[in-house]
Amino acid sequence: MPAHDVLIIGAGLAGQRAALAAADAGASVAILSKVHPVRSHSVAAAGGINAAMNPADDWRSHAFDTVKGSDYLGDQDAIEVMCSEAPNEILHLEHIGVTFHRNETGHLDLRAFGGASMKRTAYVADITGQAILHVLYEQLMKYSDRVDRYEEWFNTSLIRGDDGRCVGCVARNIRTGEMQTFTAKTTILATGGVGQAFKPTTNGLICTGDGMSLAYRAGARLMDMEMIQYHPTTMTANGFLITEGARGEGAHLRNADGERFMVHSAPNKMELASRDVVSRAEQKEINEGRGTGPLKDSVLLDVTVVPKNRVLEALREIVNLGRDFAGIDITKEPIPVRPGQHYTMGGVKTDSDGESDIPGLYAAGEVACVSVHGGNRLGANSLLDTLIFGRRSGEHAAKVAASMPMPTVSDASLRDDEREIKSIIDRPRTGRRVSEIKEELGVSMNRYCAVFRDEEGMTKGHEIVKRLQEEAKTAYIDDQGTVFNQDVLGALELGFMLDCSEAIVKSALERKESRGAHSRTDYTERNDEDWLFHLTVEKDGADAGADAKLGQSPVTITQWQPMERTY
Amino acid sequence: MSSTETTNDGASTKVEGLQEFTLRLRRYDPESGKPAYYEEFTIELEPHRSVLDGILQAKNDEDGSIGIRCSCRAAICGSCGTRINDKPGLACHTHLDEALKRSKDGKITVEPLGNMPVIKDLIVDMDAVHWKKQARVTPWLLPSEPLPEREHIVPREAMVDVTQSMACIQCGACVSDCLSMEIDPLFVGPAALAKTYRFVGDPRDARHQQRLNDLAQDPHGLYACTHCFNCIEACPKGVAPMSQIMRLRRIASQDHHIVDRNNGERHEMAIVNSVKKYGTLNEANMIPDSYGGKLHPASARAMLASLPVITKALLRRKVTPKSALFHPKSPDQAQIKRIYREVGEREQRLEHNLYITQPDEDPAEIAAHEAHVAAAAAREAAAKPGVDQTGAGA
Ligand SMILES: Cc1cc2nc3c(=O)[nH]c(=O)nc-3n(C[C@H](O)[C@H](O)[C@H](O)COP(=O)(O)OP(=O)(O)OC[C@H]3O[C@@H](n4cnc5c(N)ncnc54)[C@H](O)[C@@H]3O)c2cc1C
Ligand code: SF4
Ligand code: SF4
Ligand code: FES
């Protein structure tokens, strides 16, 4: 049975950064991921990463932009930690090999991004996430003797000891089907977001909210789950993302009449207002009949106004995306886009060392909610979040582990999970197909929990989620094998997504105001008097079928009192 | 493909409806004890959708046991490397209609990548081959110590330049069809050598010489590539591994004067000199020249060892006894000499890079585009005062 000081579940940016930090702090480390680490969805991040690197900039300005972007729901102490530590983190990345693009003097170049009062986004063309992820993996290869990698292992549950501490997890070796108990003094979840509960989404097929659900099932609280980011520029043709970097480089948004409609809702920042603001403006154009395309369901993103050599150098990936996936040469004609599900602001509630409600259990990255993003995440703040809190979790977990003995863990959970998997494989073909339920969930969440929401729609959405939860209990699969049985993992992932969806709809129904990405047509204003707090969700009781229970948690305000938000 | 064609494709697919396609998937279940077999699935999708979308439809609706790695669906995670109608690539990056066009029997055949063991269906063991080879090239930055207090100051172009090899998503498509690797499984291979350029092209790395020497001396290293171009054709990200390999060789020989014991460098210089002298390859002189000239003792040994090759060349009329003795000069020899002179006089080698220039750049088009950008900027500038006023008022 593998036993480590620090066990990390997930090998995207947050997980890999945590692993390296824990190893540097002297801990024995295991990192486990259901896909090869470089396939993690961090690889898709395009535009860049924020830090006040410019001598004329100040981290406080970055922090204020983040607070304002969050619609004052972000915790300001955590935001201060993130923004003040950002420049050193970027320098660290530069030192270990990230090929950040430079300006004419050979220093780091910075590009403009949404919601920022200054150019402060460091980047590698438009493959920033890929570049950082691959460089971290280079380091993991370098650390082979100190970090054990379990690649293509699927985590099925967390284990709590008699004293309530998290003492490890159960995972399945996808290649062989073998189940294994992992013992650990501390465990860090870094499993990413839950985009796949929506269809379409910019997230990969692996983003199924596993860690949020596992922590929730183990008794931790989730927070800010109603806050789902819709990105303003996803390709209408297929839902793929066009990075905000495009607008950062100067691209325009236009409606069917050719008007730059952002002038109405963000006359100063125009296309570079916060994402929630831009997405709402677009949806409004579309809803009011000024959309383009055969279904009038899009607006136009015009990249042709950006100099072509700059596009080829800095936005090459979206040239390829346009050409290969939509048949459009974006250097010659505008491309139809619309708001699409992109990011989960909420997640496992943690403090700024990454610790959750459960002793010994940490969370970092998109799975976590510190909360630095509050009601709306700024572009290029998420990569920063994964790295800062990944590192902090790794360091803190290693420190805690250094002063405690290795716990002893029974394999009761392992046997439970084995039984569960066997029962899924053995189910008669009388219920619905797992893939069918997943499809209905995605379409429903996207209909009822999107850019604009109301009581009636969300109530319907909630009923559907409850029904799908029932149907999932008898849903069947085809694959009976043990080697790479992706089918049975799909059934488990469906369960995770349903847990998260319930938390999302329930919180969204509860919050009777409009704040950040949560915009209600029946409560159109932000209401600080009644709603300036986080909503939390936890399981009401220990048994498997227990309902979700809502709670509250205060918002931490240090130096910025809530103000009206204009761009 | 010209852009108008692309645009038409995009536009026409919007009005076209669904189309039926037959996917012919290579199945292999290691637990069944049975050999691999092919199974057909009929799917219905818009023709511009990807082969991966097709496979996922079959998996979701008909048979959940179909094994394929995939996540992003957008050619960025590198999971879905497969062979489609005998060509390696990404399933999510290949349109159904394109794949059909390349098919001989009206079906789209999808198989696992080559040169790697198959685990199940379309899933291969990347660890056993691809990742092992990556580990071979010391794949992390080795900067000089101590590190600078702030970032390294490096030329702007250098970081744009290495972006082409950084763009590799480790999908293994190039490894699948590498000819050298087929013959020599120990060959370091296209992806790992492209990765090497990512460090050798990076001015922050302090071990260029050691990296190059290490790979030049390795009989399965820098000079084991046979220039078959398969990796360039296979790569979905424009990394062009073979071009990176050639750049590594140029840097090794011209900048670091590395002479390898496999005679790769001399062989390359022999080619260069032959073309300079004759305008074509003088095959008869290649072996002695590669091994240090006809009088070098090693060259006699190499000639003997290469007898089968020479005989084959004679048989295939690649080398006639007459041309071997009196190698004819190319009629344009003056031109060729001039090219050599000009390139030789350049202070810097010019290397083609995807992120810096585009192959099909048309000057007229660039000028037109620049005019368009300038006009847009002028329009914006004219509109600006109004915008600002609204801003101040809000
Ligand atoms: C298209 C796109 C573009 C983006 N661009 C930007 C940008 O420019 N700037 C920015 O700041 N942010 C951007 N983001 C957001 C950002 O990329 C993500 O929020 C961030 O990368 C998440 O990283 P992570 O480490 O938390 O999770 P991920 O990278 O998603 O990694 C999750 C890991 O957990 C593992 N895992 C999950 N479940 C299990 C399980 N059950 N068992 C074992 N392992 C498991 C996975 O295998 C994976 O290794 C973008 C997002 C998308 C989708
Ligand atoms: S060009 Fe060289 S590296 Fe590329 S596939 Fe051919 S032999 Fe392999
Ligand atoms: S070089 Fe190209 S084909 Fe080869 S692994 Fe990298 S991305 Fe894939
Ligand atoms: S699914 Fe990610 S590259 Fe094809």
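Caption draft 1: Up close: the sheet that holds strand β15 (residues 347-349) of chain A. Residues and elements named next belong to chain A. Pairing is mixed across the open sheet formed by 5 strands, whose spatial order is β17-β15-β10-β20-β21. Whereas interior strands pair on both sides, the edge strands pair on one side only; in this sheet they are β17 (368-369) and β21 (548-554). Note that β15 and β17 share 2 bridges and pair parallel. Residue pairing for β17: Val348 is matched across the bridge by Ala368.

Caption draft 2: Region of the structure containing the interface of chain B and chain A. Listed per partner, the contact involves 81 residues of chain B and 79 residues of chain A. Carbon and sulfur atoms make up 53% of the area that chain B and chain A hide from each other, which totals about 6,900 Å². On inspection of chain B and its partner chain A, the count reaches 9 salt bridges. Between Arg156(B) and Glu104(A) there is a salt bridge, and its shortest N-O distance comes to 3.4 Å. If you look at where chain B meets chain A, you find 42 residue pairs in polar contact (both at pLDDT 80 or more). Secondary structure elements with two or more residues in the side of chain B that touches chain A: α1 (3-15), α2 (51-61), β6 (118-120), α4 (127-136), α5 (156-166), α8 (190-200) and α18 (363-393) of chain B. No other element matches α18(B), which puts 9 residues into the side of chain B that touches chain A. In terms of residue class, the side of chain B that touches chain A is built from 38 nonpolar, 21 polar and 22 charged.

Caption draft 3: The arrangement of the site of ligand 1 in detail. Residue and element names in this part refer to chain A. Around ligand 1, a shell composed of 37 residues is seen, among which Ser40, Ser42, Glu366, Ser382 and Leu383 lie nearest. Contacts to ligand 1 include Ala14, whose backbone N or O atom sits 3.0 Å from an oxygen atom. Within the side chain of Glu366, an N or O atom sits 2.6 Å from an oxygen atom of ligand 1. In isolation ligand 1 has 1,000 Å² of accessible area, and contact with the protein removes 97% of it. At the level of elements, α1 (13-24), β2 (29-33), β7 (153-160), β14 (335-344) and α11 (382-402) are the ones that each hand at least two residues to the shell around ligand 1. Looking at the shell around ligand 1, its residues break down into 15 nonpolar, 18 polar and 4 charged.

Caption draft 4: View of the environment of Ala542(A). Residues and elements named next belong to chain A. One can find Ala542 in the loop between β20 (533-539) and β21. On the basis of relative accessibility, which here comes to 74%, the residue Ala542 falls in the exposed class. Along the chain, Ala542 and Leu468 lie 74 residues apart, while their C-alpha atoms are 21 Å from each other.

Caption draft 5: Quick look at the sheet that holds strand β13 (residues 299-302) of chain A. All names here are of chain A. In spatial order, the strands read β11-β14-β13-β12; together these 4 strands make up an open sheet with antiparallel pairing. The sheet is open, and its two edges are formed by β11 (228-235) and β12 (252-254), each paired on a single side. Taking the axes of each pair of neighbouring strands and ignoring which way they run, one obtains an average angle of 45° across the sheet. For β13 and β14, the ladder comprises 3 bridges, and the chain directions are antiparallel.

Caption draft 6: Representation of α4(B). Among the residues of α4(B), those classed as buried are Val129(B), His130(B), Trp131(B), Lys133(B) and Gln134(B). Axial view of α4(B): buried residues confined to an arc of 165°, hence all on one face. Contacts from the buried residues of α4(B) go to α4 (128-142) of chain A together with α6 (173-176), α7 (179-183) and α8 of chain B. Among the residues trailing α4(B), Thr138(B) stands out with phi positive, at a value near 45°.

Caption draft 7: Representation of the nonpolar core. Core analysis: the biggest nonpolar cluster contains 165 residues, and Ile49(A), Phe100(A), Met262(A) and Leu222(B) have the highest contact counts within it. Here this core takes 10 residues from helix α3 (residues 76-96) of chain A, the largest share from any one element. Those residues in contact with Leu222(B), other than ones at most four positions away along the chain, are Leu193(B), Leu212(B), Leu215(B), Ala216(B), Ile245(B), Leu248(B), Arg249(B) and Ala252(B). Val167(A), Cys169(A), Phe182(A) and Leu441(A) belong to the second-largest nonpolar core, a separate cluster that totals 78 residues.

Caption draft 8: Highlighting the domain arrangement of chain B. Residue and element names in this part refer to chain B. Considered domain by domain, chain B is made up of domain 1 (2-6 + 14-124), domain 2 (130-262) and domain 3 (272-344). Facing the 16 residues of domain 1 at the interface are 16 residues of domain 2. Between domain 1 and domain 2, a total of about 1,100 Å² is buried, with carbon and sulfur atoms accounting for 56% of that surface. Considering only the side of domain 1, the residues that lose the most area to domain 2 are Pro88, Asn115 and Met116, jointly responsible for 42% of the buried surface there. A salt bridge links Glu233 to Lys87, with the nearest nitrogen and oxygen atoms 3.9 Å apart. Run the count over domain 1 and domain 2 and you get 6 residue pairs in polar contact (both at pLDDT 80 or more). In terms of residues, the side of domain 1 that touches domain 2 owes the most to one element, strand β4 (residues 87-90), which gives 4 residues. Here the side of domain 1 that touches domain 2 is built from residues that sort into 7 nonpolar, 6 polar and 3 charged.

Caption draft 9: Highlighting the site of ligand 3. The environment of ligand 3 is formed by 13 residues, the closest being Cys168(B), Cys171(B), Gly172(B), Cys174(B) and Cys235(B). Partitioning the shell around ligand 3 into residue classes produces 10 nonpolar, 2 polar and 1 charged.

Caption draft 10: Fine view of the packing of helix α12 (residues 412-426) of chain A against helix α15 (residues 486-510) of chain A. All names here are of chain A. One can describe the packing of α12 onto α15 by two numbers: an axis separation of 10 Å at closest approach and a directional angle of 110°. With respect to α15, the axis of α12 lies roughly perpendicular. Here Glu420, Ile421, Ile424 and Ile425 of α12 lie close against α15, whose contacting residues are Val488, Ala491 and Leu492. Residue composition of the contact of α12 with α15, grouped by class: 6 nonpolar, no polar and 1 charged.

Caption draft 11: Here's a closer look at the pattern of salt bridges. All names here are of chain A. Applying the stated rule across the entire model yields 79 salt bridges over all chains. Between Lys422 and Asp426 there is a salt bridge, with its nearest N and O atoms 2.6 Å apart. Placement of both Lys422 and Asp426 in helix α12 is noted, with a separation of 4 residues, approximately one turn of the helix. For Glu513, the salt bridge identified is with Arg515, shortest N-O distance 2.8 Å. Arg515 carries the same exposure label as Glu513, and that label is buried. A single network of salt bridges, built from pairs that share partners, joins Asp71, Glu226, Asp276, Arg280, Arg511, Glu513, Arg515, Arg526, Asp528 and Arg565.

Caption draft 12: Structural view of the domain arrangement of chain A. All names here are of chain A. When cut into domains, chain A gives domain 1 (3-227 + 345-402) and domain 2 (228-342). Every contact between the two is made by 32 residues of domain 1 and, on the other side, 26 residues of domain 2. Regarding the contact of domain 1 and domain 2, the summed buried area is about 2,200 Å², with carbon and sulfur atoms giving 47% of it. Our count for the contact surface shared by domain 1 and domain 2 stands at 1 salt bridge. Where domain 1 touches domain 2, the interface holds 21 residue pairs in polar contact (both at pLDDT 80 or more). Classifying every residue of the side of domain 1 that touches domain 2 by side-chain character gives 14 nonpolar, 12 polar and 6 charged.

Caption draft 13: How the structure looks around unusual backbone geometry. The amide bond that connects Lys199(A) to the next residue, Pro200(A), takes the cis arrangement and shows omega of 0°. Position of Pro200(A) among the secondary structure elements: in the loop between β9 (179-189) and α5 (210-218). Here the residue pair Glu145(B) and Pro146(B) is connected by a cis peptide bond, since its omega of -10° sits within 30 degrees of zero. Positionally, Pro146(B) belongs in the loop between α4 and α5. Phi angles above zero are rare outside glycine, and Tyr72(A) is one such case at about 65°. Mapped onto the fold, Tyr72(A) is located in the loop between α2 (59-69) and α3. Classification of Tyr72(A) as buried rests on a relative accessible area of 1%. You will see that Gln170(B), though not glycine, has its phi angle at about 55°, which is positive. A relative accessible area of 3% means that Gln170(B) is categorised as buried.

Caption draft 14: Structural context of the confidence of the model for chain B. Residues and elements named next belong to chain B. Model confidence for chain B is summarised by a mean pLDDT of 81, while 67% of its residues fall at 70 or above. Of the regions scoring below 50 in pLDDT, residues 307-326 engages in 14 contacts with residues more than four places distant in sequence or in other chains. In this model residues 384-394 is a low-confidence stretch, pLDDT under 50, and it forms 5 contacts with partners more than four residues away in sequence or in other chains. Across the whole predicted complex the pTM is 0.89, and at the interface the ipTM reaches 0.96.

Caption draft 15: Broad picture of the pairing of β11(A). Residues and elements named next belong to chain A. Taking burial as the measure, the 8 residues of β11 include 8 buried ones, the bulk of the element. Examined bridge by bridge, β11 and β14 share 6 bridges and lie antiparallel to one another. Looking across to β14, one finds that Tyr230 is bridged to Gln341.

What counts, and where the lines are drawn
- Residues numbered from 1 in each chain as written.
- Chains lettered and ligands numbered in written order.
- Predicted model: local features only at pLDDT ≥ 70, side-chain atom pairs only at ≥ 80, totals over all residues.
- Heavy atoms only, no water.
- Pairing = 2+ DSSP bridges.
- Helix = DSSP H or I, 4+ residues; strand = E, 2+ residues; numbered from the N terminus.
- Contact = heavy atoms within 4.5 Å.
- Buried area = accessible area lost by both parts, 1.4 Å probe.
- Salt bridge = Lys/Arg side-chain N within 4 Å of Asp/Glu carboxyl O.
- Polar contact = N/O pair within 3.5 Å; in protein donor to acceptor, adjacent residues only side chain to side chain.
- Nonpolar A, V, L, I, M, F, W, Y, C, P; charged D, E, K, R; others polar.
- Near = heavy atom within 4 Å.
- Areas by Shrake-Rupley, 256 points an atom, 1.4 Å probe, with all protein chains shown as cover.
- Buried < 20%, exposed > 50% of the residue type's maximum accessible area, 1.4 Å probe, protein only.
- Axes fitted to C-alpha atoms, helices over the stretch in contact; angles between N-to-C directions.
- Arc of directions from axis to C-beta.
- Core = buried A, V, L, I, M, F, W, Y, C linked by side-chain atoms within 4.5 Å.
- Domains from an automatic or database assignment.
- Parallel < 35°, antiparallel > 145°, perpendicular 65-115°, else oblique.
- pLDDT = per-residue confidence, 0-100.

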